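Structural overview for review
Each chain, written out:
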Amino acid sequence: MTERLALWHPHPRDHAGLVDLLAPEDVRRHLGNRPTSVTEEFQRLLRNAGSWALYGYGIFTCRRRDDDAVIGIAGVFHSWRGFGQGLDDVPEAGWIFAPSCWGQGLAREAMTAVLDWFDAAHATPQGPRRVACMIDGDNAASLALAARLGFTRYAEHADGARDVPLVLLERGGGNG
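Okay, so let's go over this structure. (Residues numbered from 1 in each chain as written. Predicted model: local features only at pLDDT ≥ 70, side-chain atom pairs only at ≥ 80, totals over all residues. Heavy atoms only, no water.)

By size, the foremost hydrophobic cluster in this structure holds 40 residues, and its most contacted members are Val76, Trp95, Phe97, Met111, Phe151 and Leu169. Take this core: its biggest share by element is 7 residues, from helix 4 (residues 106–122). The next biggest cluster of nonpolar side chains, apart from the first, holds 6 residues, and it includes Val90, Ala132, Met134 and Leu166. (Core = buried A, V, L, I, M, F, W, Y, C linked by side-chain atoms within 4.5 Å. Buried < 20%, exposed > 50% of the residue type's maximum accessible area, 1.4 Å probe, protein only. Helix = DSSP H or I, 4+ residues; strand = E, 2+ residues; numbered from the N terminus.)

Backbone geometry at glutamine 85 places phi at a positive 55°, although glycine is not the residue there. With respect to the element layout, glutamine 85 can be found in the loop between strand 3 (70–80) and strand 4 (88–97). Judged by its relative accessible area of 34%, glutamine 85 falls in the partly exposed class. You will see that aspartate 89, though not glycine, has its phi angle at about 60°, which is positive. With respect to the helices and strands, the residue aspartate 89 is situated in strand 4.

The subject of this paragraph is the packing of helix 1 (residues 15–22) against helix 3 (residues 38–55). At a minimum axis distance of 9 Å, the contact between helix 1 and helix 3 shows a crossing angle of 115°. For helix 1 against helix 3, the interelement crossing comes out right-handed. Two secondary-structure elements touch here, helix 1 through His15, Leu18, Val19 and Leu22 and helix 3 through Val38, Glu41, Phe42, Arg44 and Leu45. Of the residues contributing to the contact of helix 1 with helix 3, the split by class is 6 nonpolar, 1 polar and 2 charged. (Axes fitted to C-alpha atoms, helices over the stretch in contact; angles between N-to-C directions. Left-handed = near helix turned anticlockwise from the far one by under 90°. Contact = heavy atoms within 4.5 Å. Nonpolar A, V, L, I, M, F, W, Y, C, P; charged D, E, K, R; others polar.)

Our focus in this paragraph is the layout of surface pockets. Of the voids in this model, the largest pocket is the one considered here, and its volume is about 1,300 Å³. Surrounding the largest pocket, 48 residues form its lining, His30, Leu31, Gly94, Trp95 and Ile96 being those nearest its centre. The set of elements that each furnish at least two residues to the lining of the largest pocket consists of helix 2 (25–28), helix 3, strand 3, strand 4, helix 4, strand 5 (131–136) and helix 5 (140–148). Taken together, the residues of the lining of the largest pocket break down into 21 nonpolar, 13 polar and 14 charged. (1 Å grid on protein atoms, 1.4 Å probe; cavity = no way out; pocket = protein on both sides within 12 Å on 5 of 7 lines; lining within 4 Å. Points joined across faces, edges and corners; volume = space filled by probe spheres on them.)

Here you go:
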């Protein structure tokens, strides 16, 4: 819980909310801008739950404390992107919020709570674990949030499906 948000582990009842969250083109614009489907969002729900089951951390479903509607997802999940560059077999931070929440500081509130929890629960004797993050290069709002959360750029990744490269960021120790 945060001041304004309830953060929940993935649950089957989240499926319809994920479909609604990812339906608007404005939300998907920086996620590869491809249409989503009921099937794809079910697979996202299973991936989110799987990270929790296998690694003890994952994506939270975000709701306002006084409402049951899914307004976002935020967390640190276990990632394997398949293109190396520090994004295979690592904790990865990510957040997606509904347009009705943009500009209200809700993503920052959620991710601050998530990262504080992750750092406390999953630290190594050497300190906080490294957490990676990848953001579409023209997503100024998410890049600014990542900087406020302590992420720094370490590389870029270009692929033919995107007009701009992905910015690769990290925070914490390099001790995986």
